[in-house]
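Observations on chain architecture
Given next are the chains, with one letter for each unit.
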Amino acid sequence: MGTAIRIDEDRLWNSLMELARIGATPAGGVNRQALTELDGQARALFSAWCREAGCVLRTDPIGNLIARRPGRNDSQPAIMMGSHLDSQPTGGKFDGAYGVMAGLEVLRALHAAGIETERPIEVVAWTNEEGARFAPSMMGSQVYAGLMGLDEALAVRDTEGVSVAEALARIGAQGMADSGSRPAAYFEAHIEQGPLLEAERKTIGVVSGGQGQCWFQMTLTGRASHAGTTPMDMRSDALVGAAAIIGALDRIGRAHPPGCATAGRILVSPNSPNVIPDSVYLTAEIRHPDDAVRAAMELEFRAAADEAVKLNHLDLNLAKVLEQPAAPFDPACIAAIRQAAERNGYPSMEIISGAAHDAVALSRIVPTGMVFVPCAGGVSHNELESAESGDLAAGCQVLAEAVLAYARVSDPVTPSR
Ligand code: GLV
Ligand code: MN
Ligand code: MN
């Protein structure tokens with residue numbers, strides 16, 4: 001396949017561990033939420049490393065940070081890699097960080113070997129993939145792919161009332177309109193975040209696509225009153241309504257395997273032990289690989305919410321903040337990943353991604369592929385998330401070879417050039 005590339009396992013691992021110090025939690029995880037000061041520090045470290053590897057950095061208006069390694073034919077569309085540097089509040093060291101560091105390791109390996117590619121290569125740290133501080137998830141990649149409006153994204157506020165625009169300005173992460181053309185292909189490496197690869201003893205997951213998902217935000221409004229004097233049949237308790245919806249979501253998820261339904265965030269007001277809650281903010285999300293089944297799950301959820309509202313004499317304000325259909329990845333990108341795994345003798349299997357990824361947004365506009373590697377016990381979105389250095393290196397090697405197949409290697413650069 002032309003010039004060989006070998007990635008450096010220790011360099012990849014050491015960079016992951018150094019990055020994980022930014023926002024490190026006592027329990028061994030990472031809290032580096034989108035567009036915080038810590039996210040800014042991670043961006044600065046990534047930028048410095050990319051410059052050392054011969055790249056030029058740019059930032060777009062939603063703060064996506066793009067490192068570019070020029071190609072011999074620099075006017076050609078780039079081959080792009082990426083993932084995210086932001087984490088969940090109780091996140092791990094690898095979710096997102098691995099994909100960005102794996103992309104960086106590919107750049108470093110190319111730089112160290114003096115390999116020039118025909119096409120430019122870009123590595124992107126996408127803004128706010130997690131959606132933990134600012135909903136929805138995949139914000140930067142969705143704006144990049146034209147799936148979410150820039151102004152709509154900039155106006156989203158966190159629970160403290162800080163907008164995305166303000167947070168970007170605070171850490172100096174907002175850039176200019178991106179004049180770069182669309183990439184020719186996008187590749188992302190990620191830990192699986194589920195138990196399948198480990199259970200099947202496979203090193204590489206060749207991702208065939210991402211399951212669809214939808215996110216909701218709702219406010220249930222009842223009437224606050226005294227917990228000791230208000231008879232049970234005269235209440236309008238927003239928390240009791242929310243509890244019914246949470247229970248229904250769990251039942252709906254269980255009834256539609258392999259689908260999932262989750263209520264992840266709840267804010268109760270006035271949040272006092274002896275006051276009947278008059279307001280509850282609740283989030284819900286529903287996922288399934290089959291969009292028709294997911295639509296049926298959504299209808300069941302809406303019916304359960306209406307029922308809870310009626311029974312408890314509440315008002316409901318329900319907004320859908322994300323609708324992401326299932327995303328099949330590109331057959332040729334999938335084949336490039338499978339072939340790279342086979343060439344290296346890594347055991348592999350095809351897998352559908354249960355988690356959201358920036359690759360899902362990119363797959364709407366460019367040929368896209370993803371490489372998964374196992375994580376211990378399938379545990380992720382948890383400070384205990386862990387992965388083996390050898391598996392991470394194998395995934396990075398596969399990423400490198402798939403990217404190189406697309407970036408088209410030309411002769412190695414000689415020292416005199
Ligand atoms: C992000 O990690 C998600 O799957 O929501
Ligand atoms: Mn992730
Ligand atoms: Mn995540």
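The notes below deal with the structure included here. (Residues numbered from 1 in each chain as written. Chains lettered and ligands numbered in written order. Predicted model: local features only at pLDDT ≥ 70, side-chain atom pairs only at ≥ 80, totals over all residues. Heavy atoms only, no water.)

Let's talk about the overall build of the protein chain
- What the protein chain contains, in helices and strands, is 12 helices and 16 strands.
- Whereas a compact globule of 417 residues would reach a radius of gyration of roughly 22 Å, the protein chain reaches 23 Å, a difference of no more than 12%.
- Excluding contacts between residues fewer than 6 apart, the proportion of contacts in the protein chain whose partners are at least 24 apart in sequence is 80%.
- Summing over all exposed atoms, the protein chain offers an accessible surface of approximately 16900 Å²; the carbon and sulfur share of this is 52%. (Helix = DSSP H or I, 4+ residues; strand = E, 2+ residues; numbered from the N terminus. Rg over C-alpha atoms; globule rule 2.2 N^0.38 Å. Contact = heavy atoms within 4.5 Å. Areas by Shrake-Rupley, 256 points an atom, 1.4 Å probe, with all protein chains shown as cover.)

Thoughts on the packing of helix α1 (residues 9-20) against helix α12 (residues 389-407)
- Running from N to C, α1 and α12 cross one another at 110°; their axes reach a closest spacing of 9 Å. With respect to their mutual orientation, α1 and α12 come out roughly perpendicular. Contacts between α1 and α12 involve Glu-9, Leu-12, Trp-13 and Leu-16 on the former and, on the latter, Ser-389, Gly-390, Leu-392, Ala-393 and Cys-396. (Axes fitted to C-alpha atoms, helices over the stretch in contact; angles between N-to-C directions. Parallel < 35°, antiparallel > 145°, perpendicular 65-115°, else oblique.)

Observations concerning the coordination of the manganese ion (ligand 3)
- Donor atoms from the polypeptide that bind the manganese ion (ligand 3) are Asp-95 (OD), Glu-130 (OE), Glu-130 (OE) and His-381 (NE2), placed at 2.1 to 2.4 Å.
- If you list the donors of the manganese ion (ligand 3) from N- to C-terminus, the spacing comes out as D-x34-E-x250-H.
- In this structure the manganese ion (ligand 2) is found 3.6 Å away from the manganese ion (ligand 3), and Asp-95 serves as a bridging donor for the pair. Note that Asp-95 is positioned in the loop between β3 (79-84) and α3 (97-113) and Glu-130 in the loop between β5 (121-126) and α4 (139-144), a separation of 35 residues in sequence.
- Judged by its relative accessible area of 7%, Asp-95 is buried.
- Assessed through its relative accessible area of 6%, Glu-130 is described here as buried. (Donors = N, O, S within 2.8 Å, 3.2 Å for Na, K, Ca; no water. Buried < 20%, exposed > 50% of the residue type's maximum accessible area, 1.4 Å probe, protein only.)

Some details on the pairing of strand β11 (residues 279-288)
- Taking burial as the measure, the 10 residues of β11 include 8 buried ones, the bulk of the element.
- Two elements, strand β10 (residues 266-269) and β11, share 4 bridges in a ladder whose sense is antiparallel. Bridge assignment links Val-268 to a residue of β11, and that residue is Val-280. (Pairing = 2+ DSSP bridges.)

Quick word on the coordination of the manganese ion (ligand 2)
- In the first shell of the manganese ion (ligand 2), the protein supplies His-84 (NE2), Asp-95 (OD) and His-190 (NE2), at 2.0 to 2.3 Å from the metal.
- Read N to C, the donor residues that coordinate the manganese ion (ligand 2) are spaced as H-x10-D-x94-H.
- The buried category is assigned to His-190, whose relative accessible area is 1%.

Brief notes about the packing of aromatic side chains
- Inspection of the entire model under this criterion finds 5 aromatic pairs.
- Ring centres of Trp-126 and Tyr-186 lie 6.1 Å apart, and the angle between their planes is 65°; this geometry places the pair in the edge-to-face category. Note that Trp-126 is positioned in strand β5 and Tyr-186 in strand β6 (residues 185-191), a separation of 60 residues in sequence. Here Trp-126 and Tyr-186 have matching classes, each one buried.
- Consider the rings of Phe-216 and Phe-301, whose centres lie 4.9 Å apart with planes at 45°: the pair is tilted. (Phe/Tyr/Trp six-rings, centres within 6.5 Å; stacked < 30°, edge-to-face > 60°.)

Comments concerning the site of ligand 1
- Close to ligand 1 lie Glu-129, Glu-130, Trp-215, Arg-287, Ala-355, Ala-356 and His-381.
- Glu-130 places a polar side-chain atom, nitrogen or oxygen, 3.2 Å from an oxygen atom of ligand 1.
- A distance of 2.7 Å separates an oxygen atom of ligand 1 from a polar backbone atom of Ala-356.
- In isolation ligand 1 has 200 Å² of accessible area, and contact with the protein removes 94% of it. (Near = heavy atom within 4 Å. Polar contact = N/O pair within 3.5 Å; in protein donor to acceptor, adjacent residues only side chain to side chain.)

So, the environment of Tyr-281
- The residue Tyr-281 is located in strand β11 in this model.
- Each C-alpha atom of the pair Tyr-281 and Ala-238 lies 9.3 Å from the other, and the pair is 43 residues apart in sequence.
- Every residue in contact with Tyr-281, bar those within four places of it in the chain, is listed here: Gln-217, Met-218, Thr-219, Arg-265, Ile-266 and Leu-267.
- Here the side chain of Tyr-281 touches Gln-217 through a polar contact of 3.3 Å, side chain to side chain.

Notes on the nonpolar core
- If you look at the biggest cluster of nonpolar residues, it comprises 81 residues, and the most contacted ones within it are Phe-46, Tyr-98, Met-101, Phe-187, Ile-204 and Leu-392.
- In terms of residue count, the dominant contributor to this core is α12 (11 residues).
- Setting aside its immediate chain neighbours within four residues, Tyr-98 contacts Leu-12, Leu-16, Ala-189, His-190, Ile-191, Val-373, Asp-391, Leu-392, Gly-395 and Cys-396. (Core = buried A, V, L, I, M, F, W, Y, C linked by side-chain atoms within 4.5 Å.)

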